[in-house]
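Given next are the chains, with one letter for each unit.
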Amino acid sequence: QVQLVESGGGLVQPGGSLRLSCATSGISFYIYAMGWYRQAPGKQRELVATMTTDDHTNYADFVEGRFAISRDKAKNTVFLQMNSLKPEDSAVYYCNAQGLSWGTRLEYWGQGTQVTVSS
């Protein structure tokens, strides 16, 4: 059974930093991208950052150089370093993994970790 488990969320003051981690288990297929999405109350889930197996990264415009995604490909783990956090960054952050198995596209999500930016 494939599982993605996020950790590292919490309460932080504006301007602070957090590092999110996403550990996976049960992966038996090729992962070609992992990433982070977020969803604030009353809003749709939106992309934060993704990283492909060949290290191509994609960031949402609102990141503005404040966040950095990284991967440990050997462990199928993905991280999100978030700096200069703003109150509008408050949301549930979800880990995402996309892969292929016998030509079939697969996608999995974690359960989410809450990030709250507040003074």
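Per chain, the residues get numbers from 1 upward, laid out in the order the sequence is written. Whole-chain, interface and lining totals are the exception, using all residues; otherwise, since this is a predicted model, local features are given only for residues with pLDDT of at least 70 and side-chain atom pairs are given and counted only at 80 or more. To obtain the side-chain values, all non-hydrogen atoms of the structure were included, while hydrogens and water were left out.

This paragraph deals with the packing of aromatic side chains. For any pair of aromatic rings, the description consists of the separation of the ring centres together with the inter-plane angle of the planes. When two rings of Phe, Tyr or Trp (its six-membered ring) have centres within 6.5 Å they constitute a pair, described as stacked for plane angles under 30 degrees, edge-to-face for angles over 60, and tilted for the intermediate range. Applying the stated criterion to the full structure yields 2 aromatic pairs. Measuring from centroid to centroid gives 5.6 Å for F29 and Y108, while their planes differ by 25°, and the two rings are stacked. Here F29 is found in the loop between β3 (18–25) and β4 (30–39), whereas its partner Y108 is found in strand β10 (residues 104–109), with 79 residues between them in sequence. Only protein chains enter the accessibility calculation, which uses a 1.4 Å probe; a residue whose area is less than 20% of its type maximum is buried, one above 50% is exposed, and one in between is partly exposed. We classify Y108 as partly exposed; its relative accessible area is 28%. When the centroid spacing of 5.0 Å and the interplanar angle of 70° are considered together, the rings of Y37 and W109 count as edge-to-face. Starting at the N terminus, helices and strands are each numbered in turn, a helix being any DSSP run of H or I of at least four residues and a strand any DSSP run of E of at least two.

Paired strands are those between which DSSP finds at least two bridges. Sheet architecture is open: 4 strands sit in the order β1-β3-β8-β7, paired in antiparallel fashion. The sheet is open, and its two borders are formed by β1 (3–7) and β7 (67–72), each paired with just one other strand. Taking each pair of neighbouring strands and ignoring which way they run, the sheet shows an average axis angle of 15°. Relative to strand β8 (residues 77–82), β7 runs antiparallel, the two being bridged by 6 bridges. By the bridge assignment for β8, F67 is matched with M82. A fitted line through C-alpha atoms serves as each axis, taken over the contacting stretch for helices, and the angle formed by two N-to-C directions is quoted from 0 to 180°.

Let us look at the state of the cysteines. By convention in this document, the label disulfide applies to cysteine sulfur atom pairs within 2.5 Å. By the definition in use, this model includes 1 disulfide. Paired by a disulfide, C22 and C95 hold their sulfur atoms 2.1 Å apart. Torsion about the S-S bond of the C22 and C95 cystine: about -85°, corresponding to left-handed handedness. A residue pair is termed long-range when its members are at least 10 positions apart, and C22 in strand β3 and C95 in strand β9 (residues 91–101) qualify at 73 residues.

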